[in-house]
Amino acid sequence: MRTSGRLLPVLFAIGLMTLGGTTATAPARAQDAAQIAGTAAVSGTVEAPKPFQAAQVHLLNVDKNVLFMVYTSGGRYRAVNLFPGRYEVTVRKPGFSAETKSLTLAADAREALNFSLREEGAQPVQQGVFGFTSRIADATLVSYDELYPAGPGRDLVAKTCVYCHGKNFLPGRPYHETQWTHFVDLMLNPSSPRGAMIPAGTLSSTDRETVIAYLAKHYGPTSVKRALKVDADFPLDETVLGRAMYVEYYLPLDKQLDAANKQRRTQEPHFDPAGNVWYTDRSIPNRIGRVDPRTGEFRDFMMPDPKGDPHGLTVDKAGHVFWAETVGFHLGRLDPRTGSMLRYPMDSTGQSKGARGHTPVIDSKENVWFTVIGGDMLGKWDRKTEKARVWKVPTSGAAPYGISLDRDENVWFAEFRRGKIAKFDPKTEKFTEYSALTQPTTIRRLGVDSAGIVWYGGFSTGKLGKLDPKTGRIVEYDIPMPFSEPYDVWPDRNDQIWISDGGQGGSLIRFDPKTETFTYYPTPQTTDQPKLAITRDGAVWYTPRSSSKAAAGVLYPDVGKMTTFGAYY
Ligand code: HEC
């Protein structure tokens, strides 16, 4: 039997406060109430020559390669539920530095560790972005106005190219005018390999000239490579953050397999019935992986196609893991007990040449629905026949992306490149599409709350969208920080909406629909987080993707209520 799920008696925990050196004047916090058996706690003060808010205390368990991160509140911190082992503890706050301290924690230990911060110039921060919009290592970080200088074409470029490619893409490419002309025409051309990226009729020939002239002038062969400097001064609420804890389980680097990669890449987390967390791993060779959050133990399963590029993943009731491959258009299936892997074509007719799968989701009959980003389709793998079929979505160039089911098992998905939300009714096989209010935009993902309201993120507009399917009415909220990039938008059991946002370098954000307020939980690493999975206890799992260390990560918004490391829906 596992011991991790049990609570210690409250009386014992109160006794610990004195043992741990926490004085009676320290604010009573929820996490003082409970502690998972066999774990340790560290608390202390953080002093600085000038005021600061919510510094991050990073406690890295070097034996297990697991990071625990808490925030200071009123200059104090307290980290509970720490795995025993050797630790390196660092305090991070832009504008300050402090030495890293080491300590070893035995099971049930309570230690005190205090820090003094020195003032230091703040390091500029880039967006937590990936893919087209990758972070650019050798770029000079500049303001938006330096990145996109004023002049004819600036707004046109923003609404014709930047909304789709992200802010760092064009300024990172020093092309000659002939190359820019080639690429603009490629984006306009319906017969280019992926069709027209710029929707027909949205760019006149005069505007095309203006766009090319702007690109050639500002991003020419001699221009300095530059990327957006973001202001990472998040709105911070210490009373909320003082109760929170992040944990990141770092993926081990395999000496042989990862010699060339130097880094691994997780994409999408999901839980199995035993409380493990699964993820797709786009490191080459591609893997499907699992971490047991109670022990930090990882297990990898090599994919049949080492370059199939797994994107989304889901787990059925028996614990079988299904994943969608972007390259090769297969739905994979793993039985973790035997290690056997099957691959089903995503279109049994074999007619969808060059299509690219994206994200799967399981319905109550254990059929697997999936989006097809390249090929503009929605698909269904049938549990009884073990065959898959696809339906073309109404909008060409839509690029179906994130997917979710409502209570009536209508299939909702985001039409990424055309800024729409779509519904598919399996009974009538009809699609209904809704356009996001602010256009143009990309939409990565969406989630459906318990009342059937569909929530989405305007990735390039920085909006949180709310669609009521009963009326078709859409409301959009401004996410408070500039350059916000809401990626996944996912409700927890209490219909609090969680947003992953790499726009300012990385934050999880909680939106309370009743009070219409946003609460920020800045991430331990600069990153984006393409997908969230939330436990029945409200722990928010994510995969940091553009971060320097690949991980399966989790935020406990209220660590005092934590009873287990296991992850259950
Ligand atoms: C709706 C989304 C979208 C819009 C709008 C868009 N692009 Fe693209 N762009 C893409 C995609 C997707 C690709 C990759 C095409 C492929 O690989 O087949 C691409 C490819 C490119 C490439 C080549 C990248 C490479 O390294 O191979 C350049 C350069 C580019 N786009 C520039 C632009 C410019 C300039 C504009 C505006 C005039 C623009 N794009 C508008 C989505 C978009």
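Between helix H3 (residues 154-165) and helix H5 (residues 205-218), the least distance of the axes is 9 Å, while the angle of their chain directions is 100 degrees. Our classification of the angle between H3 and H5 gives roughly perpendicular. For the pair H3 and H5, contact is made by Arg154, Leu156, Val157 and Cys161 and by Asp207, Thr210, Val211, Tyr214 and Leu215, respectively. In terms of residue class, the contact of H3 with H5 is built from six nonpolar, one polar and two charged.

Take the side chain of Thr72 next. Within the element layout of this structure, Thr72 appears in the loop between strand S3 (66-71) and strand S4 (76-82). A relative accessible area of 0% places Thr72 in the buried class. In contact with Thr72, other than residues within four places in its own chain, are Val46, Phe52, Ala54, Ala55, Val57, Tyr77 and Glu238.

Surrounding the iron atom of the ligand are the protein donor atoms His165 (NE2) and Met187 (SD), which sit 2.0 to 2.2 Å from the metal. Note that the iron atom of the ligand binds six donor atoms; their angles at the metal cover 86 to 178 degrees, and the shape is octahedral. Of this pair, His165 sits in helix H3 while Met187 sits in helix H4 (residues 177-188), and the two are 22 residues apart along the sequence. Classification of Met187 by relative accessible area gives partly exposed; the value is 24%.

Let's shift gears to the packing of aromatic side chains. All chains considered together, the criterion is met by 33 aromatic pairs. A centroid spacing of 6.3 Å and a plane angle of 70 degrees characterise the contact between Tyr214 and Tyr219, whose relative ring orientation is edge-to-face. Relative to Tyr521, the ring of Trp498 lies with its centre 5.4 Å away and its plane at 45 degrees, an arrangement referred to as tilted. Of this pair, Trp498 sits in strand S35 (residues 497-501) while Tyr521 sits in strand S37 (residues 517-522), placing them 23 residues apart in sequence. Summarising the burial analysis for this pair, Trp498 and Tyr521 share the class buried. The rings of Phe68, Phe83, Tyr87, Tyr249, Phe271, Trp541, Phe565 and Tyr569 are connected pair by pair, giving a single aromatic cluster. Taking NZ or CZ as reference, Lys64 lies 5.9 Å from the ring centre of Phe83, over its face. Sitting over the face of the ring of Tyr250, Lys549 holds its NZ or CZ atom 4.0 Å from the ring centroid.

Our focus in this paragraph is the site of the ligand. Lining the immediate environment of the ligand, one finds 19 residues, of which Cys161, Cys164, His165, Arg173 and Met187 sit closest. Measuring from a nitrogen atom of the ligand, one finds a side-chain N or O atom of His165 at 2.7 Å. Within the side chain of Arg173, one N or O atom sits 2.9 Å away from an oxygen atom of the ligand. Every element with two or more residues in the shell around the ligand is listed here: H3 and H4. Here the shell around the ligand takes five residues from H3, the largest share from any one element. Residue composition of the shell around the ligand, by class: 13 nonpolar, two polar and four charged.

Reading the values: rules and limits
- Residues numbered from 1 in each chain as written.
- Predicted model: local features only at pLDDT ≥ 70, side-chain atom pairs only at ≥ 80, totals over all residues.
- Heavy atoms only, no water.
- Axes fitted to C-alpha atoms, helices over the stretch in contact; angles between N-to-C directions.
- Helix = DSSP H or I, 4+ residues; strand = E, 2+ residues; numbered from the N terminus.
- Parallel < 35°, antiparallel > 145°, perpendicular 65-115°, else oblique.
- Contact = heavy atoms within 4.5 Å.
- Nonpolar A, V, L, I, M, F, W, Y, C, P; charged D, E, K, R; others polar.
- Buried < 20%, exposed > 50% of the residue type's maximum accessible area, 1.4 Å probe, protein only.
- Donors = N, O, S within 2.8 Å, 3.2 Å for Na, K, Ca; no water.
- Tetrahedral: all angles 85-135°; square planar, octahedral: opposite > 155°, others 65-115°.
- Phe/Tyr/Trp six-rings, centres within 6.5 Å; stacked < 30°, edge-to-face > 60°.
- Lys NZ or Arg CZ within 6 Å of the ring centre and 35° of its normal.
- Near = heavy atom within 4 Å.
- Polar contact = N/O pair within 3.5 Å; in protein donor to acceptor, adjacent residues only side chain to side chain.

As far as function goes, none of this settles anything; it's purely spatial.
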